[in-house]
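Coordinate inspection notes
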Amino acid sequence: MSPTSNGYFDYSYETTPMEKVYAFDPVPAGMDSVQTCLILGGQANFWSHIDRTEARIDQQIYPRLIALSEALWSPLNSKNYRDFQNRLNQGKGWLNRSDVPTDHN
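What counts and how
Residues numbered from 1 in each chain as written. Predicted model: local features only at pLDDT ≥ 70, side-chain atom pairs only at ≥ 80, totals over all residues. Heavy atoms only, no water. Axes fitted to C-alpha atoms, helices over the stretch in contact; angles between N-to-C directions. Helix = DSSP H or I, 4+ residues; strand = E, 2+ residues; numbered from the N terminus. Parallel < 35°, antiparallel > 145°, perpendicular 65-115°, else oblique. Left-handed = near helix turned anticlockwise from the far one by under 90°. Contact = heavy atoms within 4.5 Å. Nonpolar A, V, L, I, M, F, W, Y, C, P; charged D, E, K, R; others polar. Buried < 20%, exposed > 50% of the residue type's maximum accessible area, 1.4 Å probe, protein only. Arc of directions from axis to C-beta. Core = buried A, V, L, I, M, F, W, Y, C linked by side-chain atoms within 4.5 Å. Salt bridge = Lys/Arg side-chain N within 4 Å of Asp/Glu carboxyl O.

**Digging into the packing of helix 5 (residues 64-73) against helix 6 (residues 81-97)**
- Here helix 5 crosses helix 6 at 135°, and the two axes come no closer than 11 Å. With respect to each other, helix 5 and helix 6 are oriented oblique. Here helix 5 runs over helix 6; the crossing is right-handed. Taking contact as the criterion, the partners of Ile-66, Ala-67 and Glu-70 in helix 5 are, on helix 6, Phe-84, Arg-87, Leu-88 and Leu-95.
- Looking at the contact of helix 5 with helix 6, its residues break down into five nonpolar, no polar and two charged.

Below you can see the structure in the form of structure tokens.
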């Protein structure tokens, strides 16, 4: 599953904020168990013809890719955006040392 609403990182942070990415559930509401079994997971997308510099690509992808990773790997009942933000803040040093911008809304 890869809807534009949550998984296209070439969109601005205003259009696709990190909290919206973190809230992504690849299984849409109302699906029965047969349909649910057909969903393998989710993915992030980025059309690199829009932003071709490494710095600009990094800015669009990170830290939303981290939020999507946790959203896809975590059971819905254990997800907590505030807790995620706290843990992300602890890891921002690594991103910053790698020259990846982390100050997004």
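Text resumes after the structure shown.
**Things to note about helix 5**
- All of the buried residues in helix 5 are Arg-64, Ala-67, Leu-68, Glu-70 and Ala-71. Angularly, the buried residues of helix 5 cover 165° about the axis, an arc narrow enough to put them on a single face.
- Summarising the contacts, the buried residues of helix 5 are in contact with helix 2 (18-22), helix 4 (54-61) and helix 6.

**Thoughts on the environment of Leu-38**
- Inspection of the secondary structure puts Leu-38 in the loop between helix 3 (33-36) and helix 4.
- Distance in space between the C-alpha atoms of Leu-38 and Val-27 is 9.6 Å, their sequence separation being eleven residues.

**Section: the nonpolar core**
- Core analysis: the largest hydrophobic core is formed by ten residues, namely Phe-9, Met-18, Val-21, Tyr-22, Phe-24, Ala-67, Leu-68, Tyr-81, Phe-84 and Leu-88.
- At the level of elements, helix 2, helix 5 and helix 6 are the ones that each hand at least two residues to this core.

**Quick word on the pattern of salt bridges**
- The tally for this structure, following the rule as stated, stands at two salt bridges.
- Here Arg-87 makes a salt bridge to Glu-70, at a shortest N to O gap of 2.7 Å. You can see Arg-87 sitting in helix 6 and its partner Glu-70 sitting in helix 5, a full 17 residues away along the chain.
- Residue classification places Glu-70 among the buried positions, given a relative accessible area of 16%.

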